[in-house]
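Close look at the chain arrangement
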Amino acid sequence: MKTIQFREALREAMSEEMRRDERVLLLGEEVAEYNGAYKVSQGMLDEFGPKRVIDTPIAELGFAGIAVGASMNGLRPIVEFMTWNFAILAADQIINSAAKMLQMSGGQYNCPIVFRGGNGTAGQLAATHSQSFEAFYAHVPGLKVITPSNPYDAKGLLKAAIRDNDPVVFLESEKMYGDKGEVPEGEYIIPIGVADVKRKGTDVTVVTFGKIIKVAQEAAEVLEKEGISLEIIDLRTIRPIDYAAVVESVKKTNRCVVVEESWPLASISSEISYHLQRYAFDHLDAPVMRVTQTDTPFAFSPTLIDEALPNVDRIVKAVKSTLYR
């Protein structure tokens, strides 16, 4: 094993797949000459050249459309968005072209393409640069949606996404690019659609994903001092969701709190809550609770940011409410 940064794990995944398959290419704003806005693609231009690591204009709709067309013609593009907030401009190509192409072509055209970049909040960037898009894209049939929480998962899942024959939305976090974690020396793949138990516990299941995993872990440490044991499930893949892993955990703990960075309405936590009341109702000893971002546009003020996001105190309170404490 070796310890590397989240950005390095992503770079290793892309570089290994580009060495393995000459059809794989990377395009996006500043991915080549500048080595990527967050240095994820550092050194890749030198190794693979300008035909496979391509700087694009600031035109998300345009270069996303080029990538969709390239994928329909046999290539396997990786599209880097500087942030998923900017990818709103490319939503037509992602949702109306890539996601629907296989069905609308009667199976004649696949779109093996990965759309990736920074997602969610990243400090004081205000409302238009701090949105979490997991539920937004998971709502669309034809897309797969992945959001890793650590370097090990990031590398294994990105390699799986690049090899997948469907369009994949890969959501990272600007706050995680410098995070360090252990990654195997050799090649490995993590299957899409398989959740992971990040912490085993007996009293309450906490379901979450992405960078909020770290907040859930902090809450687990606080609660452990009070004799409360949390089991933390990292979904890793948001579409398809590993419902079975969540249900099996709740059968053991009989209680569940779902935590996510995005807004509450039509959210991933809503979906998990519905599924549990439908398929694990007899195992629940308390209503499913959830902790989300407040139902408002995101603030610039650091005080309001702390109030808006899921935090340790809010998770602790939600867990205790399922225990009637």
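Anyway, here's the lowdown on the structure attached to this text. None of these values were measured; they are calculated from a predicted model.

The next point concerns the environment of Arg11. Position of Arg11 among the secondary structure elements: in helix α1 (residues 6–20). Those residues in contact with Arg11, other than ones at most four positions away along the chain, are Lys39, Val40, Ser41, Gln42 and Met44.

If you trace the 7 strands from one edge of the open sheet to the other, you get β3-β2-β4-β5-β7-β6-β12, paired in mixed fashion. On the outer flanks of this sheet lie β3 (53–55) and β12 (237–239), each paired with one strand and no other. When the angles between neighbouring strand axes are averaged without regard to direction, this sheet yields 20°. Pairing between strand β6 (residues 144–146) and strand β7 (residues 168–172): 3 bridges, direction parallel.

Moving on, we come to a negative patch on the surface. Taken together, the side chains of Glu30, Glu33, Asp46 and Asp55 present a region of like negative charge at the surface. Among the structural elements, Asp46 can be located in helix α2 (residues 44–48). For Asp46, a relative accessible area of 72% translates into the label exposed.

It is worth spelling out the packing of aromatic side chains at this point. Applying the stated criterion to the full structure yields 10 aromatic pairs. Seen in terms of ring centroids, Phe81 and Phe115 are 6.1 Å apart; in terms of plane orientation they differ by 10°. Their pairing is stacked. Residue Phe81 is found in strand β4 (residues 76–81), and its partner Phe115 is found in strand β5 (residues 114–118); the two are separated by 34 residues along the sequence. Like Phe81, the residue Phe115 is buried in the burial classification. Here the aromatic residues Phe63, Phe81, Trp84, Phe115, Phe133, Phe136 and Tyr137 are joined through ring pairs into a cluster of three or more. Above the ring of Tyr279, the side-chain terminus of Arg278 is found at 4.7 Å from the ring centroid.

With 13 residues, helix α3 (residues 60–72) should reach 18 Å at 1.5 Å per residue; the first-to-last C-alpha distance of 18 Å fits that figure. Residues of α3 that are buried include every one of Glu60, Phe63, Ala64, Ala67, Val68, Ala70 and Ser71, and no others. Taken end-on, α3 shows its buried residues confined to a sector of 165°, consistent with a single buried face. Residue Gly74 follows α3 closely and has a positive phi angle near 105°.

What follows deals with the packing of α3 against helix α4 (residues 91–98). The packing of two helices is summarised by the inter-axis angle and the distance between the axes. Packing of α3 against α4 brings their axes to within 8 Å, and their N-to-C directions diverge by 30°. Comparing their axes, α4 and α3 come out roughly parallel. In this structure, α3 uses Leu61, Ala64, Gly65 and Val68 to contact α4, whose residues at the interface are Asp92, Gln93, Ser97 and Ala98. Its residues placed into classes, the contact of α3 with α4 shows 4 nonpolar, 3 polar and 1 charged.

Each value, and the rule that gives it
Residues numbered from 1 in each chain as written. Predicted model: local features only at pLDDT ≥ 70, side-chain atom pairs only at ≥ 80, totals over all residues. Heavy atoms only, no water. Helix = DSSP H or I, 4+ residues; strand = E, 2+ residues; numbered from the N terminus. Contact = heavy atoms within 4.5 Å. Pairing = 2+ DSSP bridges. Axes fitted to C-alpha atoms, helices over the stretch in contact; angles between N-to-C directions. Patch = residues over 30% accessible without salt bridge, like charges linked within 9 Å, V, L, I, M, F, W, Y side chains within 5 Å. Areas by Shrake-Rupley, 256 points an atom, 1.4 Å probe, with all protein chains shown as cover. Salt bridge = Lys/Arg side-chain N within 4 Å of Asp/Glu carboxyl O. Lys, Arg positive; Asp, Glu negative; His and termini not counted. Charge placed at Lys NZ, Arg CZ, Asp CG, Glu CD. Buried < 20%, exposed > 50% of the residue type's maximum accessible area, 1.4 Å probe, protein only. Phe/Tyr/Trp six-rings, centres within 6.5 Å; stacked < 30°, edge-to-face > 60°. Lys NZ or Arg CZ within 6 Å of the ring centre and 35° of its normal. Expected span 1.5 Å × (residues − 1). Arc of directions from axis to C-beta. Parallel < 35°, antiparallel > 145°, perpendicular 65-115°, else oblique. Nonpolar A, V, L, I, M, F, W, Y, C, P; charged D, E, K, R; others polar.

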